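The residues making up each chain are set out below.
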Amino acid sequence: MAVDVTTSPLLDGAAHGFLGRAGGLSTGIYAGLNVGLGSDDDRDAILENRQRAKDAVLPGSQLATLYQIHSANVATVTKPLSFDARPHVDAMVTDQPGLLLGILTADCVPVLFYDGSSQVIGAAHAGWKGAIGGVTDNTIIAMEKLGASRDNISCAIGPCIAQESYEVDTGFQQRFVAVDPANAGFFKAGQPDHFQFDIESYVANRLTKAGIMKIEKLGLDTYAHEDRFYSYRRSCHRGEAGYGRQISLIGLQA
């Protein structure tokens, strides 16, 4: 089975793709293209899955991934990173050709950034903590330090948990409303004392408020589409022992 790669026309000019779970070696609850070395999946399968992911987007590139901690912090990457040397941050930027930036997710929001004029790219992992903390804003700032302009930056928001699948409690909703009362618009009432949170639209709004005018939301629900994506929340609801991670990739041709 071929690797499942979804692209965005807004990022044309950069090698990129939001990958699903198809086309990998992993089996059982991890079945497919699990790239999460933090999972209990077979390590050799994960390493081969990572190679297949690279080959599907930018053959011959060097993969850079992060030790993601749900922060708003960003690293500027200038050379390949060994697995043990991954920075403890949740976004990265580069202007170096041949480096493939990879963000791992399993419901959180992957965002890929591209400035075709300056040839600067970025990738961010926006879980709710990173999103409200400003991880996308900080990614834009880091890109600007490499010569990018927010007038020229395009963003694509990849597969993530959709509003219909993302139930939160009142305390969670109030945390966002306390930051900005307008954030109430990203929540709709659900079960008593619960809301459904549209994190994809929240992240898109943060990008718009930061001055990014070219944004695509792919609208792909990781929770609902088990055949295509891994989902942390779905795994928890089923009481499974672990969960896989998919990867979103962007790189500049060498």
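Placed above this text is the structure.
A brief report on the enclosed structure follows.

Procedures and definitions
Residues numbered from 1 in each chain as written. Predicted model: local features only at pLDDT ≥ 70, side-chain atom pairs only at ≥ 80, totals over all residues. Heavy atoms only, no water. Pairing = 2+ DSSP bridges. Helix = DSSP H or I, 4+ residues; strand = E, 2+ residues; numbered from the N terminus. Contact = heavy atoms within 4.5 Å. Axes fitted to C-alpha atoms, helices over the stretch in contact; angles between N-to-C directions. Phe/Tyr/Trp six-rings, centres within 6.5 Å; stacked < 30°, edge-to-face > 60°. Buried < 20%, exposed > 50% of the residue type's maximum accessible area, 1.4 Å probe, protein only. Lys NZ or Arg CZ within 6 Å of the ring centre and 35° of its normal.

This paragraph deals with the sheet that holds strand β6 (residues 99-105). Spatially, the 5 strands line up as an open sheet ordered β1-β2-β14-β6-β3, and their pairing is mixed. Pairing within the sheet leaves two strands with one partner each, and these edge strands are β1 (5-6) and β3 (62-64). With 4 bridges joining them, strand β2 (residues 15-19) and strand β14 (residues 246-251) adopt antiparallel strand pairing. Opposite Phe18, over in β14, you have Ser248 as the bridge partner. Its contacts with the sheet place helix α1 (residues 43-57) against β1, β2, β3, β6 and β14, and it is angled at close to 135° to β2.

What follows covers the packing of aromatic side chains. One pass over the structure, following the stated rule, counts 15 aromatic pairs. Geometrically, the ring pair formed by Phe176 and Tyr202 is edge-to-face, given 5.1 Å between the ring centres and 85° between the ring planes. With Phe176 in helix α4 (residues 170-179) and Tyr202 in helix α5 (residues 199-209), the pair connects residues that are 26 residues apart, well separated along the chain. The buried category is assigned to Phe176, whose relative accessible area is 0%. Here Tyr202 falls in the buried class, since its relative accessible area comes to 2%. Seen from their ring centres, Phe187 and Phe197 are 4.5 Å apart, and the 10° between their planes marks the pair as stacked. Taken together, the positions of Phe187 in strand β11 (residues 187-189) and Phe197 in strand β12 (residues 194-197) put the pair 10 residues apart, joining distant regions of the chain. Owing to a relative accessible area of 9%, Phe187 belongs among the buried residues under this scheme. The exposure class assigned to Phe197 is buried, which follows from its relative accessible area of 0%. Among the aromatic residues, ring-to-ring pairing joins Trp128, Tyr166, Phe172, Phe176, Phe186, Phe187, Phe195, Phe197 and Tyr202 into one connected group. Its end group placed over the ring of Phe83, Arg86 keeps NZ or CZ at 3.7 Å from the ring centre. Of note, Arg245 hangs over the ring of Tyr243, and the distance from its end group to the ring centre comes to 4.0 Å.

The next point concerns the pairing of strand β9 (residues 153-157). Taken across its 5 residues, β9 has 5 buried, putting it largely inside the fold. Across the two faces of β9 the burial is the same, with Ile153, Cys155 and Ile157 and Ser154 and Ala156 all buried. Pairing of β9 with strand β13 (residues 214-217) involves 4 bridges; the strand directions are parallel. Residue Ser154 lies in a different strand from β13, and its bridge partner there is Lys214.

Right, let's talk about the sheet that holds strand β5 (residues 91-94) for a bit. The strand order across the open sheet built from 6 strands is β4-β5-β8-β7-β9-β13, with neighbouring strands paired in mixed fashion. For this open sheet the edge positions go to β4 (74-76) and β13, each flanked by a neighbour on one side alone. In this sheet, adjacent strand axes meet at a mean angle of 15° when their direction is disregarded. Judged from the 5 bridges that link them, strand β7 (residues 109-115) and β9 form a sheet pairing that is antiparallel. Residue pairing for β9: Val111 is matched across the bridge by Ile157.

By secondary structure assignment, the location of Gln163 is in the loop between β9 and β10 (167-169). For Gln163, the residues in contact, after removing those within four places along its chain, are Phe186, Phe187, Lys188, Gln196, Phe197 and Asp198.

So yeah, pure geometry; function would need other evidence.
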